[in-house]
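Listed here are the chains, written in short residue letters.
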Amino acid sequence: MSSVWETSKTLVNSSRHPTLAIGLATISLITTLGIILFSLYCRTITLNNDALWANLPYNMPLPNVPENNPLTEHKIELGRYLFYDERLSLNSDISCGSCHQQHLAFTNGTAKSSGTTGDLHHLNAMSLANVAYSSSLTWANPLVNSLEHQALLPMFSEQPVEMGWTGITERILNRLNQDSALVELFSLAFPNEKRPVNLKNIVYAIASFERTLLSFQSPYDAYMAGDRAALNASQKRGMALFMSERLECFHCHGGPTFTDSLSHNGQLEKRVAFHNNGLYSYPKTQTFGHNGLAELSLNESDAGRFKAPTLRNIEVTAPYMHDGSVATLEEVIEHYEQGGIAGFDHPQKSIFVRGFILTDEERTDLLNFLMALTDEEFLTNPKFANPYNS
Amino acid sequence: MKTRLTYCLHVLLTLNLTACKPKNEIESISFEFMLNDQPLRCGDNTATDLKINFQLHDLRLFAHSIQITGADGLKLPFELIEGGYQTSQVVLLDFEDGCHNGSNSMNKSFVGHSKATKPWKEVSFHVGVPPEFNHNSPLNAHGPLTIMDMHWSWQSGYKFMRLDGKLNGTPVRMHLGSAGCSQDTEQKVICLHNNIGELSAGLIQTQAHTQPQILNEEESAAHSHAKLRIDPLLWASNGQLVEDHQLHCMANDYDQCHALFSWLNIQWERR
């Protein structure tokens, strides 16, 4: 009541002083207009989180988003442009999207990708499906645990050269600064910054776009959401095999993202895991191009240990394994049936890679279940597509 | 009365001491790398009599914990002034002038203060970035710690030093940084091999050739100069050039990095 009283009192007093009343009314009008304009402005840059997360399964927790890089619609859009921008490589000939193609679930269909100077990468390009939920990025590096950090690896890698940024950061920034339309996108994404075209903002925008690459619209997801007809009988039998103690697949490829390296909001403990899956010789007669986690840890007991990649959209992400050495899904199943490559009994080989025997029908069922993890909406969603092609 | 007298004496003594305190002079220490007793330049460095050509592409290193040995033999810290290639804790020495890649700008000196007794005899420092902030994000860093050519993304730390070039046509890549790193349960990065090196060199008082970049025109600095020989990186103790595989060191293998580790006095514990 007192506030109403005070307001009324002010009005009574003002009425005795017309100039003061006009002044107060003007200030009030300007303030109100300011609030309205600011609200409209904020609406354009602040992400409607409900819309972004609308396609998540009902029981899926939200991914972690760094506090210093909150998601905004403008940042995501800028990130999409940058993800597909070939000017971000030394010779202006490759972009992130060259090695991470949408129709292949953001892999590139070859065993080893080629960088801007022709260097071949020593590992297979990983899928970006649901990377927002990855507790560690890349094949074997627990220290790279944010998309912001990960983006720096292809940009500045020198052995092999990927995007080739080392020594030419300013040159690339100058290229981008000459594109006024792109600079405008930077200004929208990072308002109030005098020089928004900088390395940090490029990385933050690309990471924001990548966080939106969610893939939870496969027949498997429909089945799990209650549509019992979404999987056929063979796929259901294949799912039972996949989840069985007999085959052990789910131990490493478990959970909603079909990998045991999972991070999400509200998690008590982040899960980061690496496995030697029998695709690594002992003694080390063949290196398969990479020493696994041991490259970083320098601990020989980590030799040949790699992250279990997501199996979502696995149908379109051939060739397989960390080195792209396995051409087909049938051969992948064969690899695990044999318990790894014969004679490669590395002492650190996962205890879950112990081999099993399948009938021909079971093998087909398992394969059919893996096909049910293909998310056509993810592979064709125009929000993830190359904006320079549209 | 006695208390008031004590107080007055105290104030007078403090004022007197402050007045007598010598002005903290700005000092700059410049460095020069030498090969075959010749200053090392970005580009070709040829010693015809030794039949070698070392083509330098890049030479940069981080330094911290700098100390000066004074005329009395006492070692005292050299405090860095913040600005340009320096923070208060670390400085980047840059001998790469864009001859092969990178930027044209260079930084061949430290600027700061030390209370070591003049004339100074020697400068010594650690090569590397202190472990307590080596693994922080370079995107939120400042000064030289934002220079991505010196960040080792997949190792999640900085390249403490890089020497790139060609020795008689054979690629030379010597990169130093922490190795064998992992995160503990509190997400803190710990490394089996911190690989922090040490260098020292005698100092000569001299005239500065150029005004240090972080000083304005009104500021002047006393100047000292130091020379560092890189010959041990390319020549083995038997007088022969080091073997080709030792010209490629990524700080994670003792055999490949033996020459670099020895030069920087890094004790590599085999595990």
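That block above? That's the structure.
In this text the structure is predicted, and so the values were computed from the model without any measurement.

## Considering the state of the cysteines
Thinking step 1. This structure, assessed with the given rule, holds 3 disulfides over all chains.
Thinking step 2. The side chain of B:C181 participates in a disulfide bridge whose partner is B:C191; the two sulfur atoms lie 2.2 Å from each other. On the sign convention where negative means left-handed, the S-S torsion of about 105° between B:C181 and B:C191 marks this disulfide as right-handed. Note that B:C181 is positioned in strand β13 (residues 179-183) and B:C191 in strand β14 (residues 189-193), a separation of 10 residues in sequence. Judged on exposure class, the residue B:C181 and its partner B:C191 are both buried.
Thinking step 3. In this model B:C249 forms its disulfide with B:C257; the gap between the sulfur atoms is 2.1 Å. Here the S-S torsion is close to 100°, and the disulfide linking B:C249 with B:C257 is therefore right-handed.
Thinking step 4. Numbered by order of appearance in the sequence, the disulfide-linked cysteines of chain B pair as 1-2, 3-4, 5-6.
Thinking step 5. A:C99 provides the cysteine sulfur closest to A:C96, a residue in no disulfide bond, and the two sulfurs are 8.8 Å apart.
Thinking step 6. A:C252 takes part in no disulfide bond, and the closest cysteine sulfur, belonging to A:C249, lies 9.3 Å away.
Thinking step 7. For A:C252, a relative accessible area of 12% translates into the label buried.

## Things to note about the interface of chain B and chain A
Note on interface size: it is often stated as the accessible area lost on association of the parts.
Thinking step 1. Each partner contributes residues to the interface: chain B has 28 residues there, and chain A has 25 residues.
Thinking step 2. Summed over both sides, the interface of chain B with chain A buries roughly 2,100 Å², with 54% coming from carbon and sulfur.
Thinking step 3. When residues of chain B are sorted by the area they lose upon contact with chain A, B:L139, B:M148 and B:W154 head the list and together hold 30% of the total.
Thinking step 4. Summed over the shared surface of chain B and chain A, the number is 2 salt bridges.
Thinking step 5. Among the ionic pairs, B:R162 bridges to A:E158, the shortest N-O distance being 2.6 Å.

## Section: the nonpolar core
Thinking step 1. Core analysis: the biggest nonpolar cluster contains 61 residues, and B:F31, B:F54, B:F110, B:V123, B:F125, B:M161 and B:L176 have the highest contact counts within it.
Thinking step 2. The element that contributes the greatest number of residues to this core is strand β4 (residues 52-69) of chain B, accounting for 8 residues.
Thinking step 3. Dropping the residues within four chain positions of it, B:L176 is found in contact with B:V127, B:W152, B:Y158, B:K159, B:F160, B:M161, B:N195, B:A251, B:L260, B:F261, B:L264 and B:I266.
Thinking step 4. Core analysis: the second largest hydrophobic core is formed by 57 residues, A:L173, A:I202, A:A205 and A:V316 among them.

## Quick notes on the side chain of B:S156
Thinking step 1. In this structure, B:S156 sits in the loop between β9 (151-152) and β10 (157-158).
Thinking step 2. Not counting residues within four places of it along the chain, the set of residues in contact with B:S156 comprises A:L143, A:H149, B:N134, B:H135 and B:H151.

What counts, and where the lines are drawn
- Throughout this document, residue positions are counted from 1 along each chain, in the order its sequence is written.
- Chain letters start at A and ligand numbers start at 1, both assigned in the order the entries are written.
- Residue-level local features of this predicted model are given only where pLDDT is at least 70; pairs of side-chain atoms are given and counted only at 80 or more, and the full residue set underlies all totals for whole chains, interfaces and linings.
- Water and hydrogen atoms were dropped before computing side-chain values, which therefore reflect all heavy atoms in the structure.
- Any cysteine sulfur atom paired with another within 2.5 Å is treated as part of a disulfide.
- The numbering of helices and of strands both runs from the N terminus, where a helix is a DSSP run of H or I of at least 4 residues and a strand a run of E of at least 2.
- Accessibility here uses a 1.4 Å probe with only protein chains present; expressed as a share of the type maximum, an area under 20% marks a residue as buried, one over 50% as exposed, and anything in between as partly exposed.
- Contact definition: two residues touch when any of their heavy atoms are within 4.5 Å.
- Defined here as a combined quantity, buried area equals the accessible surface (1.4 Å probe) lost by two parts on assembly, summed across both.
- For this document, the term salt bridge refers to a Lys or Arg side-chain nitrogen within 4 Å of an Asp or Glu carboxyl oxygen.
- In this text, buried Ala, Val, Leu, Ile, Met, Phe, Trp, Tyr and Cys residues form a nonpolar core when linked through side-chain atoms within 4.5 Å.

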